[in-house]
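# Notes for the structure review
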Amino acid sequence: LFYNYSKLFTQKEGFKLSNQKRVLAIHDISGIGKCSLTVALPIISSMGVETSVLPTAILSTHTGGFTDYTYRDLTSDLIPMMEHWKTLNINFDGMYTGFLGSFEQIDIVIDVIKNLSNSSTIKIIDPVMADNGKLYAIFDKTFPSGMKKLCEIGDVLIPNITEATLLLEEEYVEGPYSKDYIENLIRKLAKINNKKVILTGVYFDDKKLGAACYDSETESVEYAFNEKIDTSYHGTGDVFGSALTGALLNNKSLFEATQIAVDFTVDTIKNTKAANTDPKYGVNFEMSIPLLIKSIYNI
């Protein structure tokens, strides 16, 4: 199946292997439980984008629903890796950041981005720190202010509703939401980086769920929705962010990339629910990759 897809999209008019783009994914690695780099690397790679990685930590499992997991902090390795890459004159077309474990890592990642990016590098920042109205237990109340510093240098921000309210120092509001609330929130978020924002977890009723996207240049808000499924799985935010990153690196518009990411994420949830998989192990994104390839290359 994947061989046939490969033949199809490499034969598409205008597709040239020599033009392959490279993205740097800055996340942790969990050996079990599909999230972070174990999601980003295969998803973005499947979209024809070379995916380099800067691991912030290594865990035996992710922290949601598992106990007694191992954790190795790689903070001290980040700067030496960056310095080595600088000697190689490596160029990155995109950078995609996710979970960062400390204030120190935030400052280091800001330094990495400034040293390894250029004027054409698209910087996609997922301020992973909270969900369902609560800051993750490993962070204290000062962490959002540090994450905001990272968001300020991003080109595309992809917070969920909880992260958005923390960045803006506003009270979390439960959905369903009104358009006025969402559009007011996303326009405030756009003032952080003065560029583009994709707000996830948006819904106006119990039938559709998706994201709102805003471009400061056009000042327009667009919505990408799909079926709202009454279940939740760990790692879906990383699945969404990875698909979005790959789509943007394939020159899709902000709205097109958002819709591709929404559709792909929903399909992975449907597959996982049908298989009755334990939610803590993440979603069955592997079986949805052919759909993702089709959406990118229109095959």
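Structure: see above.
Since we're looking at a predicted model, the values are computed, not measured.

### Overview of the overall build of the chain
- Summing up its helical and strand segments, the chain has 10 helices and 11 strands in all.
- A burial count over the chain gives 48% of its 299 residues as buried.
- At a minimum sequence separation of 6, the contacts of the chain that also span at least 24 residues come to 69%.
- In the structure as shown, the chain presents an accessible area of about 14,200 Å², 49% of it carried by carbon and sulfur atoms.
- Measuring between centres, the 28 positive side-chain charges of the chain sit 5 Å from its 37 negative side-chain charges.

### Re the pairing of strand S2 (residues 50-61)
- Sheet analysis places strand S1 (residues 22-32) next to S2, joined by nine bridges and oriented parallel. Across the sheet, the residue bridging to Ala25 is Val53, located in S2.
- After leaving S1, the chain enters helix H2 (residues 37-46) and then returns to the sheet as S2, a path that is right-handed.
- With three bridges connecting them, S2 and strand S3 (residues 71-73) associate as antiparallel partners. The residue of S3 that forms the bridge with Ile58 is Arg72.

### Regarding the pattern of salt bridges
- Under the criterion given, the structure shown has 10 salt bridges.
- A salt bridge links Glu83 to Lys86, with the nearest nitrogen and oxygen atoms 3.6 Å apart. On the criterion of helical spacing, the pair formed by Glu83 and Lys86 is a turn pair, its members being three residues apart in helix H3 (residues 75-87).
- Here Glu83 falls in the partly exposed class, since its relative accessible area comes to 36%.
- For Lys86, a relative accessible area of 34% puts it in the partly exposed group.
- Residues joined by salt bridges that share partners form a network here, namely Lys123, Asp155 and Lys195.

### Considerations on the nonpolar core
- Ranked by internal contacts, the top residues of the largest apolar core, which has 46 residues, are Leu24, Val112, Leu116, Leu150, Ile182, Leu189 and Leu199.
- No other element matches the seven residues that helix H4 (residues 103-116) contributes to this core.
- What Ile182 contacts, discounting residues up to four positions off in sequence, is Ile161, Tyr177, Leu199, Val202, Phe204, Ala212 and Tyr223.
- Counting residues in each nonpolar core, the second largest holds 41 residues, with Ala40, Ile124, Tyr233 and Leu249 among its members.

### Here's the deal with helix H7 (residues 179-193)
- Compared with an ideal rise of 1.5 Å per residue, which puts 15 residues at 21 Å, H7 spans 22 Å between its outermost C-alpha atoms and is within 8% of the ideal.
- Among the residues of H7, those classed as buried are Ile182, Leu185, Ile186, Leu189, Ala190, Ile192 and Asn193. Angularly, the buried residues of H7 cover 140° about the axis, an arc narrow enough to put them on a single face. When the buried face of H7 is taken as reference, the exposed residues oriented beyond 90 degrees from it are Asp180 and Lys191.
- Where the residues of H7 are buried, they touch helix H5 (143-151), strand S8 (156-157), helix H6 (161-167), strand S9 (196-202), strand S10 (208-215) and strand S11 (220-227).
- Immediately beyond the C-terminal end of H7, within one or two residues, lies Asn194, with a positive phi of roughly 60°.

### Remarks on the packing of helix H9 (residues 254-275) against helix H10 (residues 289-297)
- In contact at an axis separation of 10 Å, H9 and H10 are set at 165° when each is read in the N-to-C sense. The angle between H9 and H10 falls in the class roughly antiparallel. Our pair here, H9 against H10, has a crossing hand that is right-handed. Counting all contacts with H9, which are made through Ile260, Asp263, Phe264 and Asp267, the residues of H10 involved are Ile289, Leu291, Leu292, Ser295 and Ile296.
- Residue composition of the contact of H9 with H10, grouped by class: six nonpolar, one polar and two charged.

### Some points on the packing of H4 against H5
- Packing of H4 against H5 leaves a shortest axis separation of 9 Å and a crossing angle of 5°. Of the possible angle classes, the one that applies to H4 and H5 is roughly parallel. The residues of H5 that touch H4, namely those facing Phe103, Ile106, Asp107, Val109, Ile110 and Ile113, are Phe143, Ser145, Gly146, Met147, Lys149 and Leu150.
- When the residues that make up the contact of H4 with H5 are grouped by side-chain class, the tally is eight nonpolar, two polar and two charged.

What counts, and where the lines are drawn
Residues numbered from 1 in each chain as written. Predicted model: local features only at pLDDT ≥ 70, side-chain atom pairs only at ≥ 80, totals over all residues. Heavy atoms only, no water. Helix = DSSP H or I, 4+ residues; strand = E, 2+ residues; numbered from the N terminus. Buried < 20%, exposed > 50% of the residue type's maximum accessible area, 1.4 Å probe, protein only. Contact = heavy atoms within 4.5 Å. Areas by Shrake-Rupley, 256 points an atom, 1.4 Å probe, with all protein chains shown as cover. Lys, Arg positive; Asp, Glu negative; His and termini not counted. Charge placed at Lys NZ, Arg CZ, Asp CG, Glu CD. Pairing = 2+ DSSP bridges. Right-handed = clockwise from strand over helix to strand, strands pointing away. Salt bridge = Lys/Arg side-chain N within 4 Å of Asp/Glu carboxyl O. Core = buried A, V, L, I, M, F, W, Y, C linked by side-chain atoms within 4.5 Å. Expected span 1.5 Å × (residues − 1). Arc of directions from axis to C-beta. Axes fitted to C-alpha atoms, helices over the stretch in contact; angles between N-to-C directions. Parallel < 35°, antiparallel > 145°, perpendicular 65-115°, else oblique. Left-handed = near helix turned anticlockwise from the far one by under 90°. Nonpolar A, V, L, I, M, F, W, Y, C, P; charged D, E, K, R; others polar.

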